[in-house]
Amino acid sequence: MIKKEMIAMLLAGGQGSRLGVLTSKVAKPAVSFGGKYRIIDFPLSNCINSGVDTVGVLTQYQPLRLNTHIGIGIPWDLDRNVGGVTVLPPYERSKGSDWYTGTANAIYQNLEYMETYNPDYVLILSGDHIYKMDYEVMLEYHKANNADVTIAAMPVPIEEASRFGIVITDDTNRITEFEEKPAHPRSNLASMGIYIFNWKVLREALITLKDEPGCDFGKHIIPYCHGRGDRIFAYEYNGYWKDVGTLGSYWEANMELIDIIPEFNLYEEYWKIYTKGDVIPPQYVSENAVIERSIIGEGSDIYGEVYNSVIGAGVVIQPGAVVRDSIVMRGSVIEEGAVVDKAIVAEDVKIGKGAMVGVGEYAPSKYDPKVYQFELVTIGEHSVIPPEVKIGRNTAISGVTEPEDYTDGMLASGDYIIKAGGVQ
């Protein structure tokens, strides 16, 4: 096997439970983003744009759509005879099978894959962040510092710092302390969950800590390397980076794409984002349609009005329908006269004639207040909303619903309908 200088290990097994009904049947990295993409397209595109042509994708939760999307890696030029993209699910060994129990445990279970390439360096990535980064520049920085481990880090508002792994550095950017989600952070430099390890350092740490329950990079591997005196440096990143792990941040990141000058530009020639393209016809916009500041996916038929929204491929918005401040994913149908306001509508949803989605005042969620707290209506894939019903804000719906599921034709703000076949 040909030796590779650096290979990437992309952690894409996350359930993404904070995205609620959006991830009841699909892994978070496979969730649609920006009309035509899926979240995993961003780290995969970063890899090939950075010259990293060997990527192991570690899957676990609901992997079918992710596997189908990645295939043999053709859209990202990762269909290589040597290297390329390899999907790495958990598998059964002679001693029994193990689920991946933590980020580092997942990497440990794929030591054999990494040893095949005997790399000098291993790049660890997360499959659920939206950003563009040249990993080659980070590798040059790693080499220049003669580092054992380099952690990509970026400044965050100090009030949000306790949500992240926080690094404290000296004048040379060498990390002197690392705190995982500290209650009282002493720095605002947050780990992005992107690491470059010298292969020998990573291998030794993984083998040493292999019996650690739920072995994790932030909680176990980094403190272990720090404790034994490894040279660990912070690579400060100041570009756009978004963890779309909550409904609020997912909605915001999509809405930022339609700003007049978007903070995150999908249209740059020199750093393209690649995805699996479907063979579908062009979009159709009727003469009576109204579209303002929106992204409209290929194969969509727009007869109604769309304002400030991201519309996926193959969506139909019928005459008289109005979509405002919303994300509507591929294959969904908004029927005649329906109004959708500040909603996330997953794939293959049908919203009935004259339905009003996103009405009334905000109320806290009765279903899961930690997940549903952004005034959004969240509708899971393959759901059906009957005609003429009204749906309040901060609500969750999953499954085929009937008129009798709505009290007096209304789902009050903060309420939910989760039918069998919806959230497991």
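Now for a description of the structure that goes with this document. (Residues numbered from 1 in each chain as written. Predicted model: local features only at pLDDT ≥ 70, side-chain atom pairs only at ≥ 80, totals over all residues. Heavy atoms only, no water.)

The helix and strand inventory of the chain stands at 8 helices and 35 strands. For 424 residues, the compact-globule estimate of 2.2 N^0.38 gives 22 Å, and the C-alpha radius of gyration of the chain, at 23 Å, lies within 12% of that figure. Expressed as a percentage of its 424 residues, the buried residues of the chain come to 55%. Counting every atom, the chain has about 18,000 Å² of accessible surface; 49% of that belongs to carbon and sulfur. Placing the 37 positive and 57 negative side-chain charges of the chain at their respective mean positions leaves the two points 4 Å apart. (Helix = DSSP H or I, 4+ residues; strand = E, 2+ residues; numbered from the N terminus. Rg over C-alpha atoms; globule rule 2.2 N^0.38 Å. Buried < 20%, exposed > 50% of the residue type's maximum accessible area, 1.4 Å probe, protein only. Areas by Shrake-Rupley, 256 points an atom, 1.4 Å probe, with all protein chains shown as cover. Lys, Arg positive; Asp, Glu negative; His and termini not counted. Charge placed at Lys NZ, Arg CZ, Asp CG, Glu CD.)

What follows deals with the pairing of strand β33 (residues 395-398). Burial of β33 is two-sided: the residues T395 and I397 facing one way and the residues A396 and S398 facing the other way are all buried. Relative to β33, strand β30 (residues 377-379) is paired through 3 bridges, and the arrangement is parallel. Of the residues in β33, the one forming a bridge with T378 is A396. As judged from the 3 bridges shared by β33 and strand β35 (residues 416-418), these two strands associate in the parallel manner. Looking at the pairing, S398 lines up with I418 of β35. (Pairing = 2+ DSSP bridges.)

This paragraph deals with the packing of aromatic side chains. Summed over all chains, the structure comprises 14 aromatic pairs. Grouped by ring-pair contacts, the aromatic residues F33, Y37, F42, Y240, Y250 and F264 constitute a single cluster. (Phe/Tyr/Trp six-rings, centres within 6.5 Å; stacked < 30°, edge-to-face > 60°.)

All right, on to the sheet that holds strand β17 (residues 290-292) then. Read from one edge to the other, the open sheet built from 7 strands follows the order β17-β20-β23-β26-β29-β32-β34, with strand pairing classed as parallel. Edge positions in the open sheet fall to β17 and β34 (410-411), since each of these has one partner strand only. Summarising the sheet, strand β26 (residues 339-341) and strand β29 (residues 356-359) pair through 2 bridges and their orientation is parallel. Bridging across to β29, V340 finds its partner in V357.

Even without glycine at this site, N146 takes up a positive phi of about 50 degrees. In this fold, N146 is placed in the loop between α5 (135-144) and β10 (149-155). One non-glycine residue, H382, lies in the positive phi region at around 60 degrees. Inspection of the secondary structure puts H382 in the loop between β30 and β31 (384-385).

Buried residues dominate strand β13 (residues 189-198), accounting for 9 of its 10 residues. Two strands pair when backbone bridges link them, and β10 and β13 are joined in this way by 6 bridges, in the antiparallel orientation. Paired with I151 across the two strands is Y195, which belongs to β13.

This part is about the sheet that holds strand β18 (residues 295-296). Strand order across the open sheet formed by 7 strands is β18-β21-β24-β27-β30-β33-β35, with parallel pairing between neighbours. The sheet is open, and its two edges are formed by β18 and β35, each paired on a single side.

Their axes nearest at 10 Å, the elements helix α6 (residues 199-208) and helix α7 (residues 217-227) cross at an angle of 115 degrees. Crossing handedness for the pair α6 and α7: right-handed. Counting all contacts with α6, which are made through V201, L202, E204, A205, L206 and T208, the residues of α7 involved are F217, I221, Y224 and C225. Of the residues in the contact of α6 with α7, the class split is 8 nonpolar, 1 polar and 1 charged. (Axes fitted to C-alpha atoms, helices over the stretch in contact; angles between N-to-C directions. Left-handed = near helix turned anticlockwise from the far one by under 90°. Contact = heavy atoms within 4.5 Å. Nonpolar A, V, L, I, M, F, W, Y, C, P; charged D, E, K, R; others polar.)

Three- or four-residue spacings in an α-helix give side chains the same orientation, since the helix completes a turn every 3.6 residues. All of the buried residues in α5 are Y135, M138, L139 and H142. Mapping the buried residues of α5 onto a view down its axis gives an arc of 100 degrees, with all of them on the same face. Capping the start of α5 is the job of one residue whose side-chain oxygen sits 2.9 Å from the backbone nitrogen of E136: D134. Downstream of α5 by one or two residues, N146 has phi in the positive range, about 50 degrees. (Arc of directions from axis to C-beta. Polar contact = N/O pair within 3.5 Å; in protein donor to acceptor, adjacent residues only side chain to side chain.)

The next thing to look at is the nonpolar core. Formed by 71 residues in total, the largest nonpolar core has its most connected members in L44, M133 and Y250. Ranked by residue count, the leading element in this core is helix α8 (residues 247-256), at 5 residues. Core analysis: the second largest hydrophobic core is formed by 37 residues, I7, A104, F197 and C215 among them. (Core = buried A, V, L, I, M, F, W, Y, C linked by side-chain atoms within 4.5 Å.)

Next up on the list: the environment of T176. Within the element layout of this structure, T176 appears in strand β12 (residues 175-180). The spacing of T176 and I232 is 56 residues in sequence and 8.2 Å in space, taken between C-alpha atoms. Apart from the residues within four sequence positions on either side, T176 is in contact with I168, T169, D170 and H226.

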